[in-house]
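Examining the three-dimensional arrangement
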Amino acid sequence: MDTSGHAAGPTALLTRAEAAYQFAVADPAAAAPVTEALVIEARRTGDVEAEVLALRAQAWCVVRAELAEQRGRRLLNRAARLAEAARLDERLAEVLLVRSAVNEELGATRAAERDLLRARDLLGDKVPPGLEQQTAVLHQNAGRIAEAAAIYRRALRRRDLPVDIRGKMTNNLALIEAQLGRYGVALALAGQARALAEQIGPFATAIFTESEAWVLAHAGRLPESLALFEESERLFEVADLPLGELHADAADAFLDLRLLPEARSAADRAVREFSDTDVPLMRAEAQLRVARVALSEGDAEGASKASREAVEAFRQQQRVGWAWRAAVVGIEARLEAGTVTHTDLRDARRAAATLERLGMTVEAVDAHLTAGRAASRLGRDAWARESFEHAHELARGSSMLTRLRGRLAAASAAALRDEPALVVRHCRQGLEDLERHRGQLASTELRVLASAHGVELGQLALRALRGTSSAVKVFDWMERNRATALLSVQRAGVDGFAEEFERLREMRSEIDASGASEALVARHAALEQRLRRLTWGSSNGRKHARTRRVPTRELQALLGDRVLVEYGVLDGEVFAAVVTADQVTVSTVAPVAVLREERDRLAFALRTLARLVGRDARPERARLARERVAGLRRLLVEPLALPPDREVVVVPVDFLQSVPWSALVDAPVSLSPSASFWAGARQRPRPASGKVLLAAGPGLSAAEDEVRRLGLRHDDSVVLVPPDSTVRRVADELDGATTAHFACHGVVRADNPMFSGLRLSDGLLTVQELELRDLAPYRVVLAACEASADIAYTGGELLGFVSALVARGTAGVLGSIQLVPDEAAAGFMVRVHEELHGEATLASALHAARGSLDLDDPADLVNWCGFTAYGAA
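Residues numbered from 1 in each chain as written. Predicted model: local features only at pLDDT ≥ 70, side-chain atom pairs only at ≥ 80, totals over all residues. Heavy atoms only, no water.

From N to C terminus, the protein chain includes 38 helices and 18 strands. Taken over the C-alpha trace, the protein chain has a radius of gyration of 32 Å; the compact-globule value for 873 residues is 29 Å, and the two agree within 12%. If one aligns the C-alpha atoms of the protein chain with their principal axes, the spans along those axes are about 100 × 65 × 45 Å. In the protein chain, buried positions account for 60% of the 873 residues. (Helix = DSSP H or I, 4+ residues; strand = E, 2+ residues; numbered from the N terminus. Rg over C-alpha atoms; globule rule 2.2 N^0.38 Å. Buried < 20%, exposed > 50% of the residue type's maximum accessible area, 1.4 Å probe, protein only.)

Structure follows, in structure tokens:
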């Protein structure tokens, strides 16, 4: 908008000052210097009315482009004094409406209401659109969303609405409709607002796009939401706007996706920005998000502290609904910590009633669920049932995550009524909803994380079944909730990723070679994060149902004379379902705490032994490790009285993934993410013959000799050694290979498992790149330290090389869960290949090769424990 002309006379100046406000609304960052110049010019010429208008425009720029609320209020105070002294009532009313909005953002709710009332008195019978808008905004920010929605709907029927006010009202009404659970209406309104933004300017475009991203998140369309948040960030930067509000709203989407580090970062950044710029209204909302993230992270103390700070701020701002929302998070934290009180129960019930009355349906569901949990914990079962049932009713027709909480509430009520069949029914329906939600996600990482939403439902049903049902039903339920995120994979429509990964490897090499400058490390981290996000925002990838759930009877037929053992956890105890061709039994094994301690002791003993190979050969070290193996065997395997000399398939629970299972059973052992995955691998046709890829990585003295020796054993083999064993060359040869053998270092990234990888000549072949390339040979040997140490996630899920390969169709994997000595491992791998002939599986070949090891030799003992077979090939 052109506001720089200098036509003579006060009328021209007044016109430019009026236009400056519209320019400020459209693009506050660009308008800021123009409005400042107009204020100076108006003061110099003595045009009071023009100065009032220019000050209002300048204040808007300061508040919106810089979040400098206090400075903006000072400018508006000055404008108000000038207008009042000059008896410019209509101009004073315009100033007061803007100052009302600023006072509200400063947390001065009473001052905001006084400004609004005075503006109404000054205007008399006139009801300008700006007055209606600010009245509705006050209601909306206080949590009185029904009153706000009524004003917006009435005002939007007016024909005289300026486009900027129509856009703001439409956008705000979209947010309310999403809170009310009317997602179709909300998304239609959000689309209308974005169309209007094109007529308003870059500020509205950025804000309205971000609002639509938030609505999509609440509607459960999370991949689309993430993509739109990324677009919003670009638009915010184009408009030169502060990012605090964007970070705060993005934290909600990250939290729903269980991307907890990202949610934490976004919430913390929002709090910092609103603290630095002193915007109490938004700081309190960001603080509530910090509390919610801490609760999801299991930090009850941090959640309680952040909740208290948010409650206090909301009460000072007289925002009753928001204060109760924050209070509920604090009560949930005390439930987790085991310190909930009868006062908390009373407050939770009051919060639920208040939030429901205010029309905040989603928040009311959470409050009723929390009240039910508190009542149940405190022995008030009648109150608990009432709250649970109310939560279930309110959740109907809402988003998937809210419906899930409703199902959890209904199942909890049924458990209190001692109706196990109804418990299982509600849990099953909730998990079916969750399965549909996972189906929208192209990213394996996001599907794995989403499973955490169903943990409580899974445990409730398992508790009901353990008490009343047959062993078969218990096992069926265990299988239902094991590695479900891996059952189907999607090939996201992502192009050009290979070049990006090459650039990532080049940057890593530069860091390793020349030292890590802060700038280079930051660029490397940013590129890694961008590559990680490639599939986050995709929801329309090509879906391949590679593994189906296998009924128990079909599984038993496939097992033949094998035994399958599937471990589970319930109420702090590990139990096991043992499946043979003719029966299923379930029995308790040992407390979780005891098994964790024994597992950690053995892991420490083996790690120490591996690091001291060749330097400290004291026999007592090997003897101690063998004793630790025997102790774990007594706890995990011997109570099950497994038939001797029969191959065993193990489906471990999360924290037992890192147990050296091959050392615990005197028979061939293979692991699987679930029984269904083992059955799928068992049914996969074995190729008659095919290309064998043998790749060695750098820095291992025995690796090149290992793959060359193996190349002599296979007719159709491709041997790649440094410098030829680059990621691109290896990936090209993997496409179409029947068997692949990697002799290289493995890198495990517990912080980011999708970037765990195998170190090849030019850098890492990561899990993320493996998935994007959709590579999965029939059989893979990972002769690399810790290459099969997948990271376990809440909800019975795994992320890592083994799970990525198995999900995409690899029928058998052999790998190490720990450090192994290079030279001894190379010879051992050759022996495994020598046993791998005819109908032999990786499990049987590994078992046979282990028989040749000297368990008094530290290197041999580490290999005897360290390698594990996965799958059925």
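The discussion continues.
It is worth spelling out the pattern of salt bridges at this point. As enumerated under the stated definition, the model contains 66 salt bridges in all. Note that Arg 319 and Glu 285 form a salt bridge whose closest N and O atoms lie 2.5 Å from each other. Linking Arg 319 in the loop between helix 16 (300–316) and helix 17 (320–337) with Glu 285 in helix 15 (residues 280–296), this pair joins segments that are 34 residues apart in sequence. Residue Arg 319 shares its accessibility class with Glu 285, and that shared class is buried. As a salt-bridge pair, Lys 691 and Glu 733 come within 3.1 Å of each other at their nearest N and O atoms. One end of the pair, Lys 691, is in the loop between helix 31 (675–683) and strand 8 (692–696); the other, Glu 733, is in helix 33 (residues 727–734), and 42 residues separate them in sequence. Residue Lys 691 shares its accessibility class with Glu 733, and that shared class is buried. Ionic contacts of the salt-bridge type, sharing partners, join the residues Glu 18, Glu 49, Arg 56, Arg 91 and Glu 94 into one network. (Salt bridge = Lys/Arg side-chain N within 4 Å of Asp/Glu carboxyl O.)

Read from one edge of the open sheet, 11 strands run 5-4-3-6-7-18-17-14-10-8-9, paired in mixed fashion. What marks the edges here is a single partner per strand, and that holds for strand 5 (584–591) and strand 9 (717–720). The average undirected angle you get between the axes of adjacent strands in this sheet is 20 degrees. When strand 8 meets strand 10 (residues 739–743), the two strands line up parallel, connected through 5 bridges. Following the sheet pairing, Leu 694 is matched in strand 10 by His 741. Taken strand by strand, helix 32 (residues 703–711) contacts strand 8, strand 9, strand 10 and strand 14 (779–783), and its axis lies near 165 degrees from that of strand 8. (Pairing = 2+ DSSP bridges. Axes fitted to C-alpha atoms, helices over the stretch in contact; angles between N-to-C directions. Contact = heavy atoms within 4.5 Å.)

Where strand 12 (residues 757–760) and strand 13 (residues 763–766) come together, 4 bridges link them in antiparallel fashion. When the bridges of strand 13 are listed, Arg 759 appears paired with Leu 764. As consecutive antiparallel partners, strand 12 and strand 13 are separated by 2 residues.

Once that is clear, we can look at the confidence of the model for the protein chain. Low pLDDT means the predicted coordinates in that region are not meant to be read closely. Within the protein chain, residue pLDDT values average 91, and 96% of them lie at 70 or more. Confidence over residues 1–9 falls short of pLDDT 50; this stretch has 13 contacts with residues more than four positions distant or in other chains. (pLDDT = per-residue confidence, 0-100.)

This paragraph deals with the nonpolar core. If you look at the biggest cluster of nonpolar residues, it comprises 310 residues, and the most contacted ones within it are Leu 555, Tyr 567, Leu 636, Trp 661 and Phe 742. Top element by residues in this core is helix 3 (residues 48–66). It accounts for 11 residues. With 10 residues, the next largest nonpolar core counts Leu 694, Ala 696, Ala 703 and Ala 743 among its residues. (Core = buried A, V, L, I, M, F, W, Y, C linked by side-chain atoms within 4.5 Å.)

Once that is clear, we can look at the side chain of Gln 179. By secondary structure assignment, the location of Gln 179 is in helix 9 (residues 163–179). Here Gln 179 is in contact with Ile 145, Trp 214, Arg 325, Gly 359, Met 360, Thr 361, Val 362 and Glu 363, once residues within four sequence places are set aside.

Two aromatic rings, taken as a pair, are described by how far apart their centres are and by the angle between their planes. Scanning the entire structure with this criterion turns up 6 aromatic pairs. On the basis of an interplanar angle of 25 degrees and a centroid distance of 6.1 Å, the ring pair of Phe 501 and Phe 755 is categorised as stacked. With Phe 501 in helix 26 (residues 497–514) and Phe 755 in the loop between strand 11 (746–747) and strand 12, the pair connects residues that are 254 residues apart, well separated along the chain. As far as burial versus exposure is concerned, Phe 501 and Phe 755 are alike and both buried. Both rings, one in Tyr 567 and one in Trp 661, keep their centres 5.3 Å apart while their planes meet at 35 degrees; by these two values the pair is tilted. Within this pair, whereas Tyr 567 is found in strand 3 (residues 563–570), its partner Trp 661 is found in the loop between strand 6 (648–651) and strand 7 (669–671), the two being separated by 94 residues in sequence. Comparing Tyr 567 with Trp 661 shows no difference in burial state: the two are buried. Taken together, Phe 497, Phe 501 and Phe 755 form an aromatic cluster joined through their ring pairs. The lysine or arginine in question, Arg 466, covers the ring of Phe 575, its NZ or CZ lying 4.8 Å from the ring centre. Here the guanidinium or amino end of Arg 596 rests over the ring plane of Phe 655, the centre of that ring lying 4.4 Å away. (Phe/Tyr/Trp six-rings, centres within 6.5 Å; stacked < 30°, edge-to-face > 60°. Lys NZ or Arg CZ within 6 Å of the ring centre and 35° of its normal.)

Next up on the list: the packing of helix 21 (residues 400–416) against helix 22 (residues 420–438). Close contact between helix 21 and helix 22 brings their axes to 8 Å; oriented N to C, the two are set at 165 degrees. In terms of orientation, helix 21 lies roughly antiparallel with respect to helix 22. Classified by chirality, the crossing of helix 22 by helix 21 is left-handed. On helix 22, the residues touching Met 400, Arg 403, Leu 404, Arg 407, Ala 410, Ala 411, Ala 414 and Ala 415 of helix 21 are Leu 422, Val 423, His 426, Cys 427, Gln 429, Gly 430, Leu 431, Asp 433, Leu 434 and His 437. Considered class by class, the residues forming the contact of helix 21 with helix 22 number 11 nonpolar, 4 polar and 3 charged. (Parallel < 35°, antiparallel > 145°, perpendicular 65-115°, else oblique. Left-handed = near helix turned anticlockwise from the far one by under 90°. Nonpolar A, V, L, I, M, F, W, Y, C, P; charged D, E, K, R; others polar.)

This part covers the sheet that holds strand 13. Strand order in the open sheet made by the 3 strands is 11-12-13, with antiparallel pairing throughout. Each having just a single partner strand, strand 11 and strand 13 make up the two edges of the open sheet.

Over its 17 residues, helix 14 (residues 260–276) extends 24 Å from the first C-alpha to the last, a length consistent with the 24 Å expected when each residue adds 1.5 Å. Those residues of helix 14 lying buried are Leu 260, Glu 262, Ala 263, Ala 266, Ala 267, Ala 270, Val 271, Glu 273 and Phe 274. One face of helix 14 carries all of its buried residues, which in axial projection span an arc of 170 degrees. Pointing more than 90 degrees away from the buried face of helix 14 are the exposed residues Pro 261 and Asp 276. (Expected span 1.5 Å × (residues − 1). Arc of directions from axis to C-beta.)

Quick look at helix 33 now. Taken together, the buried positions of helix 33 are Val 727, Val 730, Ala 731, Glu 733 and Leu 734. Taken end-on, helix 33 shows its buried residues confined to a sector of 165 degrees, consistent with a single buried face. Phi turns positive, to about 105 degrees, at Gly 736, one or two residues after helix 33.

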